[in-house]
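# Working through the structure, step by step
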Amino acid sequence: MIKKLSILLTLILMNIFLNFNVTYASNNSLNNDECSSNLNKRILDDIKGSFPELKNLQEKQETGKVTKYDYYDFHKAIIIEGRETTHIKSLLSLFSGTSLGNRHLFIVSGEEALPPKYDNSFIGYMVYKQTDGTNVMIKLRRSDKAWGVISKQKVAGRKILPTKECLDKLIK
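## Examining the nonpolar core
- Counting 16 residues, the largest nonpolar core has Leu 54, Phe 106, Tyr 125 and Val 127 as its most contacted members.
- Of the residues forming this core, the biggest block, four residues, is contributed by helix H1 (residues 2-50).
- Excluding its chain neighbours within four sequence positions, the residues that come into contact with Leu 54 are Ile 47, Lys 48, Tyr 125, Val 127 and Met 137.
- Formed by 15 residues, the second largest nonpolar core is a distinct cluster that contains Phe 74, Ile 78, Leu 92 and Tyr 128.

So this is what it looks like as structure tokens:
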């Protein structure tokens, strides 16, 4: 009887302990996600402010002429497609390397006349912030086999760090 009671008490205490940890962890991860999202938004706003060409992307994004992608979107596409196409491979390579915050790719639907070597008029903009605070914009064009780099620009930007509140949450 005492053995059954101690096993039951142990199970109850384990259940309480596990529920407490799961609740605590999920609350923390939500806060971390908010902090990460806030940091990435501030970084992206700084990058957009550095390049006049990017300032009208927001308006075009609202009309559906611009689509924003991140690294995880390409992995989802590979899962759906079942393989890496040459176009996806050429874009995935741009996501490698160290940066502050996430790297973003904006694809603008074709609005201009086709240059001779390209099979469509889609333009891409890969943007990110280097660890020293430099903002980078890589302009891309899609050809029949892969995306090619047209130009790469670097502009001194602000070094943006997480807010004190977010740093305090991470330390706890």
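## Some remarks on the state of the cysteines
- According to the stated counting rule, one finds one disulfide in the structure shown.
- Here Cys 35 engages in a disulfide with Cys 166; their sulfurs sit 2.1 Å apart. With the S-S bond torsion at -90°, the cross-link from Cys 35 to Cys 166 turns out left-handed. Of this pair, Cys 35 sits in helix H1 while Cys 166 sits in helix H6 (residues 164-171); the two residues are 131 residues apart in sequence, bridging distant segments of the chain. Each member of the pair, Cys 35 as well as Cys 166, is classed as buried.

## Here's the deal with helix H4 (residues 71-81)
- The N-terminus of H4 is capped by Asp 70, whose side-chain oxygen sits 3.0 Å from the backbone nitrogen of Tyr 72.
- Gly 82 sits one or two residues past H4 and shows a positive phi near 85°.

Thresholds, definitions, all that
Residues numbered from 1 in each chain as written. Predicted model: local features only at pLDDT ≥ 70, side-chain atom pairs only at ≥ 80, totals over all residues. Heavy atoms only, no water. Core = buried A, V, L, I, M, F, W, Y, C linked by side-chain atoms within 4.5 Å. Buried < 20%, exposed > 50% of the residue type's maximum accessible area, 1.4 Å probe, protein only. Helix = DSSP H or I, 4+ residues; strand = E, 2+ residues; numbered from the N terminus. Contact = heavy atoms within 4.5 Å. Disulfide = S-S within 2.5 Å. Polar contact = N/O pair within 3.5 Å; in protein donor to acceptor, adjacent residues only side chain to side chain.

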